[in-house]
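Spelled out from the first residue to the last, the chains are:
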Amino acid sequence: MTGHSLRLRLIAGGAAAILIALTVAGFGLTVLFERHVTRSVVDDLDVHLKQLLAGLDVDADGKPIVARPPADPRFSDPLSGLYWQISDDRSELLRSRSLWDSMLALPADEVASGEVHHHTLKGPAGAQLMTAERQVTLTLRDQPTAVRAAVAIDMARVSAASAAFAKDMVVALGILGVVLAIATSVQVMLGLRPLDALRHGIADVRSGHSRRLPAAVPTEVLPLVEEVNGLLAAQEREIERSRGRAADLAHGLKTPLAALAADAGRLRERGEAGLARDIEAVGDAMSRHVDRELARARVRGEPGRSLGVATELAPLTRSLVAILSRTPAGAAIGFDIQVADDVTLPLDRADLAEVLGNLLDNATRHAASKVRIVAAADAGGLGVVIEDDGAGIAAAARSAALERGIRLDQRGEGSGLGLAIVQDVLEAYDWTLSLEVSELGGLKASCRPA
């Protein structure tokens, strides 16, 4: 949408400015052209007027005659649009054949001798005429008489020329507008290219390909880049401090937990088995919390961990299965590994081992006889699916297990803290965990890119 795209807004604004500019320019050029043609017409009228006055004479009877009419043949064609007339204050004396039975209604103004006046007046058939007149004095019947010589032309020629010019100009300005619009689009795209580079730079930071935005940007964008880089540096420092605090807290609890476990052992030796079990259960729960926070601090403290890392899935899976097969629960389970040797996932080996280890442990403990590990691809990319043929988890429990803000370690065995750690690790890589019903009858845990 134009309102949400800076590129489209700039192009639309440029196109609107071009349209306005070309419209104003077209109107102005048309006016200038019309004035130029009008000046040319007036100059031609002055020439015709001089020719008319040069041929004006008086015959033997004292009457005015035009001995040498103006040379333009239009003066001889009736209503041709070019006319001349000789008149005094009382009546018309002479006129061109082109006037036919009409006459020029000159305004009653005072024209000094030798001065040329220009008028716009109505002519034959209501035509708009541009007229040039000059007054001269002739001796008619032994009396000096002021005579007005006038030449007129139909301004329809000017209007037609202006209309033709405007028509041709619209085509030319249209082509010019298209060229300018294309040039504006190219200019906008070139001008916004640094923002595209900035967007790619931010994407590289998010994906881990770089830690900072490149500083080789135009001067106008450099302050923004510096601010973003400063924000990234401050975020890294804050994350490092948070990691340190989490690690310090977790490690600080290790010694008290170890002491608590030792106290439980001594209580068991004294015959307080019930109390020892309660203390060991509390200690184990606290220990799992410590392990969880350490895992969170490790994976969340390194944004973009997927940069340059890739783990071969098949060897890691076989290694984990070999370990689980030696446990009491795993000894009675058949593991079906459907992973090609060349399959790799963009996760750190330790983090992927954390994910697969917890999911495989859950599947092994709940399976009846079979656990299947499959490398599966979809529109989001390649992921891994772990299924078992156990009793599974009810739909309501599956939904609750993945709800944000729910403490997973407070649920029953197999859907507790291990799933919480899996989700924490996957979120650090922008991956997701989904729980569904497996074709085997049990639980299907899918890990895929978000």
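Only a predicted model underlies this, so the values are computations on that prediction, with no experimental measurement involved. (Residues numbered from 1 in each chain as written. Predicted model: local features only at pLDDT ≥ 70, side-chain atom pairs only at ≥ 80, totals over all residues. Heavy atoms only, no water.)

## Section: the overall build of the protein
- When its secondary structure is counted, the protein shows nine helices and 14 strands.
- When burial is assessed residue by residue, the protein has 36% of its 450 residues classed as buried.
- Taking contacts inside the protein between residues at least 6 apart in sequence as the whole, the part at least 24 apart equals 57%.
- Approximately 25100 Å² of the protein is accessible, and the part contributed by carbon and sulfur atoms is 57%. (Helix = DSSP H or I, 4+ residues; strand = E, 2+ residues; numbered from the N terminus. Buried < 20%, exposed > 50% of the residue type's maximum accessible area, 1.4 Å probe, protein only. Contact = heavy atoms within 4.5 Å. Areas by Shrake-Rupley, 256 points an atom, 1.4 Å probe, with all protein chains shown as cover.)

## Considerations on the UniProt feature "transmembrane region" (unreviewed entry) in the protein
- Feature annotation in UniProt assigns "transmembrane region" (unreviewed entry) to the following positions: residues 12–33 and 169–192.
- Along residues 12–33 the backbone is 100% helical and 0% strand, and the end-to-end C-alpha distance reaches 31 Å.
- For residues 169–192, the end-to-end C-alpha separation is 33 Å, with 100% helix and 0% strand making up the annotated structure. (UniProt positions renumbered as here; feature names shortened; annotations may be inferred.)

## Some words on the packing of helix α5 (residues 313–325) against helix α7 (residues 349–366)
- Where α5 meets α7, the axes come as close as 10 Å, and the angle between the chain directions of the two elements is 45 degrees. Judged by the inter-axis angle, α5 sits oblique to α7. Between α5 and α7 lies a crossing whose hand is right-handed. For the pair formed by α5 and α7, the contact residues are Leu-313, Leu-316, Thr-317, Leu-320, Val-321 and Leu-324 on the first element and Arg-349, Leu-352, Ala-353, Leu-356, Gly-357, Leu-360, Asp-361 and Thr-364 on the second.
- Its residues assigned to classes, the contact of α5 with α7 comprises nine nonpolar, three polar and two charged. (Axes fitted to C-alpha atoms, helices over the stretch in contact; angles between N-to-C directions. Parallel < 35°, antiparallel > 145°, perpendicular 65-115°, else oblique. Left-handed = near helix turned anticlockwise from the far one by under 90°. Nonpolar A, V, L, I, M, F, W, Y, C, P; charged D, E, K, R; others polar.)

## Considerations on the packing of aromatic side chains
- Under the criterion given, the structure shown has one aromatic pair.
- Look at Phe-33 and Phe-165: their rings are 4.2 Å apart centre to centre, the planes differ by 5 degrees, and that puts the pair in the stacked class. Highlighted residues: Phe-33 in helix α1 (residues 6–54) and Phe-165 in helix α2 (residues 156–207), separated in sequence by 132 residues.
- By relative accessible area, Phe-33 is classed as partly exposed at 23%. (Phe/Tyr/Trp six-rings, centres within 6.5 Å; stacked < 30°, edge-to-face > 60°.)

## Notes on the nonpolar core
- Counting residues in each nonpolar core, the largest one holds 35 residues, and the members touching the most others are Leu-356, Leu-359, Leu-360, Val-371, Ile-373 and Leu-433.
- Of all elements in the fold, only α5, α7, β11 (370–378), β12 (381–388), α9 (417–428), β13 (431–437) and β14 (443–449) reach the threshold of two or more residues within this core.
- Excluding anything up to four places from it in sequence, Val-371 contacts Ile-333, Gly-334, Phe-335, Asp-336, Leu-360, Ala-363, Thr-364, Ile-386, Glu-387 and Asp-388.
- With 24 residues, the next largest nonpolar core counts Leu-52, Phe-75, Leu-140 and Val-151 among its residues. (Core = buried A, V, L, I, M, F, W, Y, C linked by side-chain atoms within 4.5 Å.)

## Notes on the environment of Val-339
- For Val-339, the position within the fold is in the loop between β9 (334–338) and β10 (344–345).
- Given the relative accessible area of 11%, Val-339 is considered buried.
- With sequence-adjacent residues up to four places away left out, Val-339 is seen in contact with Leu-313, Ala-314, Ile-373, Val-374 and Ala-375.

## Some details on unusual backbone geometry
- Even without glycine at this site, Ala-125 takes up a positive phi of about 60 degrees.
- In this fold, Ala-125 is placed in the loop between β5 (116–122) and β6 (128–140).

## Some thoughts on a nonpolar patch on the surface
- A grouping of Val-178, Ile-182, Val-186, Met-189 and Leu-190 is seen on the molecular surface, where their side chains present a nonpolar patch of about 450 Å² in accessible area.
- The residue Val-178 is located in helix α2 in this model. (Patch = residues over 30% accessible without salt bridge, like charges linked within 9 Å, V, L, I, M, F, W, Y side chains within 5 Å. Salt bridge = Lys/Arg side-chain N within 4 Å of Asp/Glu carboxyl O.)

## Description of α7
- Helix length check: α7 (18 residues) gives 25 Å between terminal C-alpha atoms against 26 Å at 1.5 Å per residue, within 8%.
- Among the residues of α7, those classed as buried are Asp-351, Leu-352, Val-355, Leu-356, Asn-358, Leu-359, Leu-360, Asn-362, Ala-363 and Thr-364. (Expected span 1.5 Å × (residues − 1).)

## What about the pairing of β11?
- Bridge count between β9 and β11: five bridges; the pairing is parallel. In the strand pairing of β11, Asp-336 is matched with Arg-372.
- The pairing of β11 with β12 spans eight bridges and is antiparallel. Pairing of Val-374 across the sheet is with Val-385, part of β12. (Pairing = 2+ DSSP bridges.)

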